[in-house]
Amino acid sequence: LNWNARLALIVSPINMVGVGLTESTMAAFAFLITRSNFLVGLSSTVSGLALLLVAPCAGCLADRVGRQAVLRLASALAVLSAAWVF
């Protein structure tokens with residue numbers, strides 16, 4: 001295997017642990033706020049659908065303008081959304 005394949009095999013499980021912790025924490029937080037299993041499921045569904053809709057567009061944009069620019073834009077949007085929540 002080349003370096004990139006080995007790196008992907010090492011980093012992917014670590015990333016998935018982080019994703020799993022984030023999703024379960026967000027679900028627990030949503031349940032503490034709403035006390036509704038339906039709303040927890042709805043928030044998880046909306047999150048998944050948003051990813052499903054945005055990921056192909058982000059991939060096309062990354063092909064046109066470069067991966068670094070798209071990652072910077074995504075990071076800036078994440079910071080703005082976190083600032084908006086707090």
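Numbering of residues starts from 1 in every chain and runs along the sequence as written. Residue-level local features of this predicted model are given only where pLDDT is at least 70; pairs of side-chain atoms are given and counted only at 80 or more, and the full residue set underlies all totals for whole chains, interfaces and linings. With hydrogens and water excluded, all non-hydrogen atoms of the structure serve as input to the side-chain values.

*Asks:* Which residues make up the overall build of the chain, and what values go with them?
*Replies:* Secondary structure elements follow DSSP: runs of H or I of four or more residues count as helices, runs of E of two or more count as strands, with numbering from the N terminus. Broken down by element type, the chain carries 3 helices and 0 strands. Moving toward the C terminus, one meets the helices and strands of the chain in the order α-α-α. Expressed as lengths along the three principal axes of its C-alpha atoms, the size of the chain is roughly 50 × 30 × 25 Å. Relative accessibility thresholds used throughout: buried, under 20% of the residue-type maximum; exposed, over 50%; partly exposed, between the two (1.4 Å probe, protein chains only). Taken over 86 residues, the chain has a buried fraction of 5%. Surface accessibility in these figures is a Shrake-Rupley result with a 1.4 Å probe; residues are shielded only by whichever protein chains are displayed. Carbon and sulfur atoms make up 74% of the accessible area of the chain, which amounts to about 7,400 Å² in all.

*Asks:* Outline a nonpolar patch on the surface, listing residues and values.
*Replies:* Excluding any residue in a salt bridge, patches collect residues exceeding 30% relative accessible area, merging like charges within 9 Å and nonpolar Val, Leu, Ile, Met, Phe, Trp and Tyr side chains within 5 Å. By definition here, a salt bridge exists when the distance from a side-chain nitrogen of Lys or Arg to a carboxyl oxygen of Asp or Glu is within 4 Å. There is a patch of nonpolar side chains on the surface, built from Trp3, Leu7, Ile10, Val11 and Ile14 and spanning about 520 Å² of accessible area. The residue Leu7 is located in helix H1 (residues 3-34) in this model.

*Asks:* An account of H1 is needed here, citing residue identities and associated values.
*Replies:* The length a helix should cover is 1.5 Å for every residue beyond the first. In this model, H1 (32 residues) spans 46 Å end to end at C-alpha, consistent with the 46 Å of a helix rising 1.5 Å per residue. Throughout, the bend at a residue refers to the angle made by two axes, fitted to the seven residues ending there and to the seven starting there. The principal kink in H1, of about 25°, is found at Val11, preceding the proline Pro13 by one to four residues. Two N or O atoms count as a polar contact when they lie within 3.5 Å, although within protein this holds only if one can serve as hydrogen donor and the other as acceptor, and sequence-adjacent residues are included solely when both atoms are side-chain atoms. Of the residues flanking the start of H1, the one acting as N-cap is Asn2, its side-chain oxygen 3.3 Å from the backbone nitrogen of Asn4.

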